[in-house]
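# Structural characterization, general
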Amino acid sequence: MRIIGLAVVMLALLIPMQPALAQNGKITLVIHGGAGTILKKNMTAEAEAAYREALTLALNTGFAVLEKNGSSLDAVEATLRVMEDSPLFNAGKGAVFTHDGRNELDASIMNGATKSAGAVGGVTIIRNPISAARAVMEKSPHVMMTGRGAELFATSAGLEIVDPSYFWTERRWKALQDILVREKETSAAWEIAKSEDETRFGTVGAVALDSQGNLAAATSTGGMTNKRFGRVGDSPIIGAGTWADNDSCAVSATGDGEYFIRLAVARDIAALVEYKGMTVEKASAEVIHGKLTALGGEGGVIVLDRKGNFAMVFNSEGMYRGSITAAGAAKVEIYK
């Protein structure tokens, strides 16, 4: 009997332990497509259906990666590539225009298991900036690259390069022209640009938990319509618009970038989870409804922890958002 018992113990040691999270079916993907003044009364049935379809496609694409035991990094990248290829969101193909009529794109990604991160800013010819951000993380010793340098790096890394005209869309071009007309009528040009919620919100983001229990976060944006002087918002800044850490949570943000940078929103939420033991819902509410609102900023976040708990918190009128878990089908929401 002792020999049999010893054999059982040795066999147990030889069989690799399966991750508890995989056994419990905790794989989860949460996304956002931007926050702002998104009211049902201003949305046509056709437009709402298009957004819901695009959000669902993004969710299903990323979750398919997780279901095959793919990594959370692969999942968030795959998800955002779908959203960057859609003209509906202010990222990639649907990016807004700068004051000079250019599309300048920003993106970042972070690995919760290693705390490694990558980001690009102000790029104009990379079809999928989120893939460029990941390349910076995995194929360079750096965290952030910007402008022409980032474009040269992406080209050398074999990423898809497109002519800047690829990003042109009539909807975004018209939004810029409307602001330029108003700019001639008043000296408060930047305030007018800021008031155009539809033209400044639309950043896309994703947070994921994979079968190995690892978190990842990614964010991509076209910035703000009529932005000038190489302005960069929070999306490519680790700790402001993006954060992922297995010790706390994964975060992706959207909204008034300047405020998210000043408050280090993504890292602040993660710190509340890690050091104070707050739930992701409570931590997100404290930062968004408390600190961000008090400072005068607007926007929202998606947050996910290693137990599969997630929150989608915003102080704006709406936020394109969605989630999917092993327990159910994709769920998409738009309004409050």
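About the criteria used
- Residues numbered from 1 in each chain as written.
- Predicted model: local features only at pLDDT ≥ 70, side-chain atom pairs only at ≥ 80, totals over all residues.
- Heavy atoms only, no water.
- Helix = DSSP H or I, 4+ residues; strand = E, 2+ residues; numbered from the N terminus.
- Polar contact = N/O pair within 3.5 Å; in protein donor to acceptor, adjacent residues only side chain to side chain.
- Core = buried A, V, L, I, M, F, W, Y, C linked by side-chain atoms within 4.5 Å.
- Buried < 20%, exposed > 50% of the residue type's maximum accessible area, 1.4 Å probe, protein only.
- Contact = heavy atoms within 4.5 Å.
- Pairing = 2+ DSSP bridges.
- Axes fitted to C-alpha atoms, helices over the stretch in contact; angles between N-to-C directions.
- pLDDT = per-residue confidence, 0-100.
- Phe/Tyr/Trp six-rings, centres within 6.5 Å; stacked < 30°, edge-to-face > 60°.
- Lys NZ or Arg CZ within 6 Å of the ring centre and 35° of its normal.

Let us look at the side chain of E183. You can see E183 is positioned in helix α7 (residues 170-185). Polar contacts involving the side chain of E183 include one to the side chain of N226, which spans 3.0 Å.

Grouped together as the largest cluster of nonpolar side chains are 50 residues, with contacts concentrated most on L29, I31, M83 and I109. In terms of residue count, the dominant contributor to this core is helix α3 (residues 45-67) (seven residues). Contacts of I31, omitting those with residues within four sequence positions, involve L55, A58, L59, T79, M83, G205, A206, I302, Y320, R321 and G322. Formed by 37 residues, the second largest nonpolar core is a distinct cluster that contains V207, A266, A270 and A311.

Let's shift gears to unusual backbone geometry. Positioned with a positive phi, N69 is a non-glycine residue whose angle comes to about 65 degrees. With respect to the helices and strands, N69 occurs in the loop between α3 and α4 (72-84). The phi dihedral of F229 is positive, around 55 degrees, even though this residue is not glycine. Position of F229 among the secondary structure elements: in the loop between β6 (215-221) and β7 (242-244).

The strand order across the open sheet built from four strands is β7-β8-β9-β10, with neighbouring strands paired in antiparallel fashion. The strands lining the two open edges of the sheet, one partner per strand, are β7 and β10 (310-314). For this sheet the average axis-to-axis angle between neighbouring strands, irrespective of direction, equals 10 degrees. Relative to strand β8 (residues 250-255), β7 runs antiparallel, the two being bridged by three bridges. Looking at β8, one finds that T242 is bridged to S252. Contacting β9 (299-304) and β10, helix α12 (residues 280-295) crosses the sheet at an angle of about 15 degrees to β10.

Chain-level statistics for the protein chain give a pLDDT mean of 90 and a share of 88% at 70 or above. Across residues 1-24, confidence stays below pLDDT 50; counting only partners more than four residues off in sequence or on other chains, it has nine contacts. Under a pLDDT of 50 for its full length, residues 195-199 has, in the predicted model, 14 contacts with residues more than four places off or in other chains.

Counted by the stated rule, this structure contains six aromatic pairs. Consider the rings of Y51 and F89, whose centres lie 5.7 Å apart with planes at 70 degrees: the pair is edge-to-face. Of this pair, Y51 sits in helix α3 while F89 sits in the loop between α4 and β2 (105-111), and the two are 38 residues apart along the sequence. A single burial state applies to Y51 and to F89, both of which are buried. The ring of Y166 carries K93 above its face, with NZ or CZ at 4.8 Å from the centroid.

Where strands meet in a sheet, backbone hydrogen bonds hold them as pairs that are either parallel or antiparallel. Taking strand neighbours across the sheet as the criterion, the eight strands line up as β4-β3-β2-β6-β5-β1-β11-β12 in an open arrangement whose pairing is mixed. Only two strands of the sheet have a single neighbouring strand rather than two, namely β4 (144-146) and β12 (331-335). Put simply, the sheet's adjacent strands are angled 10 degrees from each other on average, direction ignored. Relative to strand β5 (residues 204-209), strand β1 (residues 28-36) is paired through five bridges, and the arrangement is antiparallel. Looking at β5, one finds that T28 is bridged to L209. Across the sheet, α3 touches β1, β5, β11 (318-325) and β12, and the angle it forms with β12 is around 145 degrees.

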